[in-house]
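# Secondary and tertiary structure notes
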Amino acid sequence: MEKPSTQRVTRADVARIAGTSVAVVSYVINNGPRPVAGATRQRVLAAIAQTGYRPNDIARALASGSTQTYGLVVPDIANPFFATLAKALQQEAFACGRVLLLGDAGDNRQREYELINHLLARRVDGLLYTSVDRHPWFEVIRASGTPCVMIDTIDIQSDICAIRVDERDAARQATRHLLQHGYRDIGIFIGPLTMLNAQDRLNGWRDALQEAGITPNERWIFEVPYTRQGGYQAAAAMLAGPRPRALFTSNEQQAIGCLSALAERQLRVPEELAIICFNGTQQAEFCVPPLSTVEQPIGKMAKRAIALLAQGTPAAHVDEFTFQLHIRRSCGCQ
């Protein structure tokens, strides 16, 4: 018998071809709850292959209360840090039998809100979330009852589960490393200061300089987007006047844009400008020169985030992970 071609194949179609009941077809598909004789199982499987029948996952989810999916919302998937994070989370979710649905907010808070609502409407089993500006839509998530793990720095009183690194301390340590080279004229490329993570990284830079008895030079603070273009533009502005001897960039993309601007002007890194950046990925190793970076332990964070969601509704708390300074040639180290 040929496949039905004018309508969706149903379990009744499979049962008719296999010469059995719809209930038996369901037992084979769901591997229970009742046993099915081997010969009968083979007839059902052959009928499924013949008809091209696919189980209705929506109906199965309604019956089981689980869609076997997690949702992930990130600020900008074009940023290699978030792409690397999404890949690690996808691998961990798949290992736990879940599919990860990705939402890219495009650095837009309203789009972030709409994505969260779309994922919640699809009844994801849990939500992983990094906010565009660290003003998360907690009320919407709490009202849905959906388990959520923030991958971000948040107010510890927010009554939400979160994993994070201390970004202020990471910026402080990166700037301290530049100071250890003997550099005292240190600038910073920062993200939009409407974003709380940009404020954290700026404050960490200030902390390190003030600890060393250095008054931060406000002229060497360049506020630009977290993009390669932003880094290129900031470098052009920096090079238009007296420039610092060393630079902390608030993300890897800004550093790559800066390298491009410096190469056009035949300025050498680190001989004429030393650079270290935050949120490094594998790209940093293949820059010229290779970039010194602060790296977050993405693999460990992804494993922990999925494990927390697998618990159902994780208790409100914050897990803090240790960042790593990955030192290469751009800061002056050999």
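Residues numbered from 1 in each chain as written. Predicted model: local features only at pLDDT ≥ 70, side-chain atom pairs only at ≥ 80, totals over all residues. Heavy atoms only, no water.

This paragraph deals with the side chain of H177. With respect to the helices and strands, H177 occurs in helix α8 (residues 167-180). The exposure class of H177 is buried, given its relative accessible area of 12%. Those residues in contact with H177 that lie beyond four places of it in its chain are I276, L325, I327, C331 and C333. (Helix = DSSP H or I, 4+ residues; strand = E, 2+ residues; numbered from the N terminus. Buried < 20%, exposed > 50% of the residue type's maximum accessible area, 1.4 Å probe, protein only. Contact = heavy atoms within 4.5 Å.)

Taken together, six strands build an open sheet; the order of strands is β2-β1-β3-β4-β5-β11 and the sheet is parallel. Every interior strand has two partners, whereas the edge strands, β2 (99-104) and β11 (318-320), have only one. Across the sheet, the mean angle separating the axes of adjacent strands is 20° when strand polarity is ignored. Of the strand pairs in this sheet, strand β1 (residues 69-74) and strand β3 (residues 126-129) are connected by four bridges, and their pairing is parallel. When the bridges of β3 are listed, G71 appears paired with L127. (Pairing = 2+ DSSP bridges. Axes fitted to C-alpha atoms, helices over the stretch in contact; angles between N-to-C directions.)

Turning our eyes to something else, we now look at the sheet that holds strand β8 (residues 246-249). Sheet architecture is open: six strands sit in the order β7-β6-β8-β9-β10-β12, paired in mixed fashion. The open sheet has two edge strands with one neighbour each: β7 (221-223) and β12 (324-326). In this sheet, neighbouring strand axes are inclined to one another by 15° on average, regardless of whether the strands run parallel or antiparallel. In terms of strand pairing, strand β10 (residues 292-295) meets β12 through three bridges, oriented antiparallel. Bridge pairing in β12 places T293 opposite H326.

Here we come to the packing of helix α5 (residues 80-95) against helix α12 (residues 298-310). If you want to describe how two helices pack, look at the angle between their axes and the distance between the axes. Relative orientation of the contacting elements α5 and α12 amounts to 45°, with a least axis distance of 9 Å. By the angle between their directions, the pair α5 and α12 is classed as oblique. Between α5 and α12 lies a crossing of right-handed hand. Side by side, α5 and α12 meet where F81, T84, L85, A88, L89, E92 and A93 of the first sit next to I298, A302, K303, A305 and I306 of the second. Considered class by class, the residues forming the contact of α5 with α12 number nine nonpolar, one polar and two charged. (Parallel < 35°, antiparallel > 145°, perpendicular 65-115°, else oblique. Left-handed = near helix turned anticlockwise from the far one by under 90°. Nonpolar A, V, L, I, M, F, W, Y, C, P; charged D, E, K, R; others polar.)

Because side chains alternate across β3, one face comprises the buried residues G126 and L128, and the other comprises L127 and Y129, equally buried. Taken together, the three bridges between β3 and strand β4 (residues 148-151) define a ladder with parallel strand orientation. Within the sheet, the bridge partner assigned to L128 lies in β4 and is V149. Crossover β3 to β4 through helix α7 (residues 138-144) is right-handed. (Right-handed = clockwise from strand over helix to strand, strands pointing away.)

All right, on to the pattern of salt bridges then. Going through the model one piece at a time under the given rule, you end up with 16 salt bridges. A salt bridge links R265 to E264; the shortest N-O distance between them is 3.9 Å. Residue classification places E264 among the exposed positions, given a relative accessible area of 53%. As a salt-bridge pair, R268 and E272 come within 3.5 Å of each other at their nearest N and O atoms. One salt-bridge network, held together by shared partners, links R168, D169, R172, R176, D207 and E211. (Salt bridge = Lys/Arg side-chain N within 4 Å of Asp/Glu carboxyl O.)

We now examine the confidence of the model for the protein. Of the residues in the protein, 93% reach a pLDDT of 70 or more, and the chain-wide mean stands at 90. pLDDT under 50 marks residues 1-5. Its contacts with residues more than four places away, or in other chains, come to nine contacts. (pLDDT = per-residue confidence, 0-100.)

Okay, unusual backbone geometry next. A negative phi angle characterises most non-glycine residues, just as the trans form characterises most peptide bonds. Cis geometry marks the peptide bond from V269 to P270; its omega dihedral reads 5°. With respect to the helices and strands, P270 occurs in the loop between α11 (252-264) and β9 (274-278). Following V288, the chain continues to P289 via a peptide bond in cis, the omega torsion being -5°. With phi around 60°, N279 is a residue other than glycine that occupies positive phi space. Relative to the helices and strands, N279 is located in the loop between β9 and β10.

Assignment of secondary structure puts I214 in the loop between α9 (196-211) and β7. I214 gets classed as buried once you look at its relative accessible area, which sits at 10%. Excluding anything up to four places from it in sequence, I214 contacts L179, R184 and L209.

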